[in-house]
Amino acid sequence: MAAASWYHRDISRVVAEELLAKAGRDGCFLVRDSESVSGAYALCLLFQRHVHTYRILPDDEGLLSVQTVQGIQAKCFRNLPDLIGAYQQPNNGLVTPLLYPVHRARQAADEDSDGEDGRGGRHVASTVPAGGAGAGAWSGAPVAGRTHISQQLHQRLQEQVHSSPASDFMGFMAEYLNHHLQLDLEALRHGHPQLRHLSTALVTACRALHRRIDFTLAGLETLARVFDPPVSPRSPAREQVSPGHRSPQPPADLELLLNKISTVNHLLSSLEKKVLKSLQETVSRHNLALPSVAAAPPPAAKPLAVQSFEVKVGKSQRAALMVDVESGTVAISKRGSGSPEETIPQDKILQLIKYQSMQSKVRLVYDREPQRSLSKDFVFPSARKREAFCQLLQLMKIQHSNLDEPDLISVYVGTWNMGSTPPPRSLASWLTSRGLGRTQDETTACIPHDIYVIGTQENSLGDREWVEFLRASLKTLMAIDYRVVALQCLWSIKIVVLVKPEHERRISHVHTSSVKTGIANTLGNKGAVGVSFLFNGTSFGFVNCHLASGSEKTHRRNQNYSDILRSLVLGDKRLGAFDLTLRFTHLFWFGDLNYRLDMDVQDILAHITKKEFEALLAVDQLNLEREKNKVFLRFSEGDISFPPTYRYERGSRDNYMWQKFKPTGMRINVPSWCDRILWKSHPETHVVCNSYGCTDDIVTSDHSPVFATFEVGVTSQFVPKTAPGSGPEPLACIEWESIEVIVKTASRSKCYIEFHSYCLEEAQRSGENTSQSCDVPGFLKLGWSAKHLPVLNPILPDLEYLGDQHLLLSIKGVESCESYGECCIAMRSMISSMAQQFETFLFHRGEETGSMRGWMKVRVPKDRRSTRERLYEWISFEEEDAEPVADAPTCPKPPLQRLRSRPHSLPEPASGYTNPAYFIFEGVP
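The model shown is predicted, which means the values in this text are computed figures rather than measured ones.

Chemist: Mind showing me how you'd approach the overall build of the protein chain here?
Modeler: Broken down by element type, the protein chain carries 17 helices and 37 strands. Of all 925 residues assigned to the protein chain, the portion counted as buried reaches 51%. Sequence separation of 24 or more characterises 68% of the internal contacts of the protein chain that already satisfy a separation of 6 or more. When the accessible area of the protein chain is evaluated, it comes to approximately 42,800 Å², of which 52% is carbon and sulfur surface.

In structure tokens, the structure reads:
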């Protein structure tokens, strides 16, 4: 059944408007899936340079109707083609009749450039829901009802095989549901219950299963005969036809297949009992004593040794810093001196200041006498040594704090394309962040992290085998028996989350999901797996992906990213309408992203030899696409100071194997940074990347494992010291003076704002916008006054609690209820008795769709304004000319984030982003 060309499936509102604007004629139209109502559609119609969107909703019987202006009686239709045909006539409640369909671009089956996507897949044609060409063959029962059944079943099939290797079956079953289910239904309606077309599809799909079962049966029967000769029942087919003389034609009878499966079931269920009984009889008969195997005691956790750092004090004086984490002291001694000149207890250390202009320099501020603080500057041999010193002091503060719940945790993220080869015996360098790039210093490499998140691609190991291998590796290295939070797999793509035993109770609301992006988005050899959870009051999301390969497949990789972003089901269900990148306090996205370098291979090799990585990063496809705002908007990535991690010669890291010989000819795979780790966090949260690099001694794959470690601030489940409302002061409230929004749209729809936050009992919404203009074509400027914005009352009024909270806002159309963009606002810098200004971008489905600014304030009662310093707030950054700090620091409010901020770690662009809509906010005419 051919798809109607005007039906564009699940494209976004922004893409639909761009297609209509490109068509440019009044009466141009297309139909897409609704973003706000499952099973509904959106009719998008261009008239006088503006796009009008109408919802098409199904009723209980599957009949479709268009929501139009009041006073026009709704008409019901059995399918979309009938509905579209009717609204091509005038006077039906639309601003103009449907005149010119905007056709969907034809997409060829996306075969992977390296041939990896060609395994066991078939291109599955998509069809227009609720009717289409060929619908006339349906006589009798309503066509919309039948097609609705087909559509529902196809959706269930997608859900059932969402994370299973059984997706090889997908091509056959999807073809049956799309093309032949109608014929079986028609036969059933006429009293023929044989389901002939289903039988044909099953026989075709199970041809390979016959051969596998024959092979398995032969092995199981042989093993059974070893322990208990001739008890195994034989299938009729095996008694009549010997395996060596089997008919070349695959059996077409499903009954024979069922007999074989029954035989396998019987053998498997009885084999273990037979073997056990046989061995027990052997032991008894020969009076054998089985040696007792005592469980090896777990390795004892070793206390961290005292670490020494050679530093320079002042211009030339040499000294040594001795950090004793266990006793909680820092000792300063002159070079060559046996005894420390000064010992500083951890509770006397007030602040640690890292200089940005000199990466190896740090200032230590501490109490020496009552009411007096001193500061000393130390210069380390390298920035790496300074970071190790700071990490040890941070660890010392954490270990000796009296907090019941942590303020700060360390997170390890690793990604590795294993190349379908078993791993080496030791993963020590990967799990301890040693190798090339920004790596851990030897003094801190074996400090265990609180959370380990391991993502792999082309992992041929079994799920349980891989998890236990990782746990055993960490137990050997760290002497800690890490607990499994989650494991999610999609074919050979796996993600494992491990946590320290003491944190297990702090983990809750664990969710997992996966998305296929292989051929026609039905094969799982490419795609993503994800895990999300709460750590006390902080939400985390982790996504491991394997995107399309091939230098020329940049657009396909971008589409993979968009599909994953849209389809991955993670986090709080109440935030399901929000962009995935806004649902978590911290989101980490990693994997074999497969973006390549756009440069001649010989030039790439020359730059690698000279370690001229900046020149290569300037032509890195991922950086270039991020510059264009195509993917990973507002994500961060650590500085890359390690060589490309793909494509090495297996067995060494000396040479890149950039030539690949295939039957179709030689293919060039240029060395590239395919394996990446990025992250995105809510504004005004604490996250620091302490390492980002790759190993240089794990050589089983053509990819090198990549690692990154992070210092992440977390919040606890807050318990107020005073009962809310017990004092004369009112509860805290969030007040808005005004909000201005610019969205990228050709619509003139009225909008409202939805407000979500964990600090609110339920979501709130504003009234309709009070002002609206279209100063720049293609952009709509909306405004709300204070009278049309709700006053929000947080569930707790305490400053310490509210300073960690965030508000999620969504701009939605009144008629369509679809989002025009979402954003996140940190409440910490908004806490004041005076209104504070905020500015931020709007995002939707991975795209930047506009911007928002406004004035607001968070009022906190006077008796609820006490707070405390977080453990991570005593480390700060300063420039070289900063004055010494005399007193204990307070946490300053972060500066207002300007709209022109660029993603971290990207080369400077030739010209800035020139979206004309944002000039309105910035005062540029």
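Chemist: Whenever I open this one, the sheet that holds strand 27 (residues 706-713) confuses me. Can you help?
Modeler: Strand-to-strand pairing in sheets goes through backbone hydrogen bonds, with the strands running parallel or antiparallel. Here we have seven strands laid out as an open sheet, ordered 14-26-27-13-15-17-16, and mixed in their pairing. The strands lining the two open edges of the sheet, one partner per strand, are strand 14 (436-438) and strand 16 (483-490). Neighbour-to-neighbour, the strand axes of this sheet turn through a mean angle of 10°, independent of strand direction. Bridging between strand 14 and strand 26 (residues 687-694) involves three bridges; their strand directions are antiparallel. From the neighbouring strand, Arg 438 faces strand 26, where its bridge partner is Tyr 692. Together, strand 15 (451-457), strand 16 and strand 17 (493-499) form the strand contacts of helix 11 (residues 463-478), whose direction differs from that of strand 17 by roughly 40°.

Chemist: Explain a nonpolar patch on the surface here, please?
Modeler: Side chains of Phe 661, Met 666 and Ile 668 sit close together on the surface and give an oily, nonpolar patch of about 330 Å² of accessible area. Looking at where Phe 661 falls in the secondary structure, it is placed in strand 23 (residues 659-662).

Chemist: Honestly, the side chain of Lys 812 in this entry has me stumped. Any pointers?
Modeler: Positionally, Lys 812 belongs in strand 33 (residues 806-813). We classify Lys 812 as buried; its relative accessible area is 12%. Among the polar contacts made by the side chain of Lys 812, one reaches the side chain of Glu 754 at a distance of 3.3 Å. Discounting residues that sit within four places of it in the chain, Lys 812 has contacts with Ala 577, Lys 750, Cys 751, Tyr 752, Glu 754, Cys 817, Glu 818, Ser 819 and Tyr 820.

Chemist: Hey, could you run me through helix 1 (residues 13-23) in this one?
Modeler: Quick reminder: α-helices carry 3.6 residues per turn. Residues three or four places apart thus point the same way. For helix 1, the full list of buried residues reads Arg 13, Val 14, Ala 16, Glu 17 and Leu 20. In an axial view of helix 1, the angular spread of the buried residues amounts to 160°, which keeps them on one side of the axis. Taken together, the buried residues of helix 1 touch strand 1 (28-33), strand 2 (41-47), strand 3 (50-58), strand 28 (733-744), strand 34 (819-826) and strand 36 (847-859). Positive backbone phi, at 80°, marks Gly 24, one or two positions downstream of helix 1.

Chemist: How should the environment of Ile 447 be read in this particular structure?
Modeler: As for its placement among the helices and strands, Ile 447 is situated in the loop between strand 14 and strand 15. Distance in space between the C-alpha atoms of Ile 447 and Gln 391 is 9.7 Å, their sequence separation being 56 residues. If we ignore the near neighbours within four places in the chain, the residues touching Ile 447 are Leu 304, Leu 392, Leu 395 and Met 478.

Chemist: Explanation requested: the packing of aromatic side chains in the structure shown.
Modeler: Given two aromatic rings, one states the distance between the centres and the angle between the planes to describe the pair. In total, this model carries 25 aromatic pairs according to the counting rule given. Aromatic pair Tyr 561 and Trp 589: ring centres 4.9 Å apart, planes at 45°, arrangement tilted. Of the two residues, Tyr 561 sits in helix 12 (residues 554-567) while Trp 589 sits in strand 21 (residues 586-592), which places them 28 residues apart along the sequence. Across this residue pair, the class does not change: Tyr 561 and Trp 589 are buried. Summarising the aromatic geometry, the rings of Trp 736 and Phe 755 are spaced 5.2 Å apart at their centres and angled 45° between planes, so their arrangement reads as tilted.

Chemist: What is the right way to look at the sheet that holds strand 3 in this model?
Modeler: If you trace the five strands from one edge of the open sheet to the other, you get 4-3-2-1-5, paired in mixed fashion. Bordering the open sheet on either side are strand 4 (64-66) and strand 5 (100-101), each of which pairs with just one other strand. Where strand 1 lies against strand 5, two bridges are found, and the strand directions are parallel. Within strand 5, the position partnered with Phe 29 by the bridge is Pro 101. Strands in contact with helix 1 are strand 1, strand 2 and strand 3; relative to strand 1, the strand with the most contacts, it is inclined by about 165°.

Chemist: What is the right way to look at the environment of Lys 260 in this model?
Modeler: With respect to the helices, strands and loops of the structure, Lys 260 is situated in helix 8 (residues 254-285). For the pair Lys 260 and Ile 213, spaced 47 residues apart in sequence, the C-alpha to C-alpha distance is 7.0 Å.

Chemist: Can you walk me through the pattern of salt bridges in this structure?
Modeler: When the charged atoms of two side chains lie near each other, side chains of opposite charge can form a pair. Applying the stated criterion to the full structure yields 42 salt bridges. Arg 384 is the partner of Asp 441 in a salt bridge, and the nearest nitrogen-oxygen pair spans 3.9 Å. Placement of Asp 441 in the loop between strand 14 and strand 15 and of Arg 384 in helix 9 (residues 383-399) is noted, with a sequence separation of 57 residues between them. Given the relative accessible area of 3%, Asp 441 is considered buried. Each of Arg 384, Lys 385, Asp 441 and Glu 442 takes part in salt bridges that share partners, so that together they form one network.

What counts, and at which threshold
- Residues numbered from 1 in each chain as written.
- Predicted model: local features only at pLDDT ≥ 70, side-chain atom pairs only at ≥ 80, totals over all residues.
- Heavy atoms only, no water.
- Helix = DSSP H or I, 4+ residues; strand = E, 2+ residues; numbered from the N terminus.
- Buried < 20%, exposed > 50% of the residue type's maximum accessible area, 1.4 Å probe, protein only.
- Contact = heavy atoms within 4.5 Å.
- Areas by Shrake-Rupley, 256 points an atom, 1.4 Å probe, with all protein chains shown as cover.
- Pairing = 2+ DSSP bridges.
- Axes fitted to C-alpha atoms, helices over the stretch in contact; angles between N-to-C directions.
- Patch = residues over 30% accessible without salt bridge, like charges linked within 9 Å, V, L, I, M, F, W, Y side chains within 5 Å.
- Salt bridge = Lys/Arg side-chain N within 4 Å of Asp/Glu carboxyl O.
- Polar contact = N/O pair within 3.5 Å; in protein donor to acceptor, adjacent residues only side chain to side chain.
- Arc of directions from axis to C-beta.
- Phe/Tyr/Trp six-rings, centres within 6.5 Å; stacked < 30°, edge-to-face > 60°.

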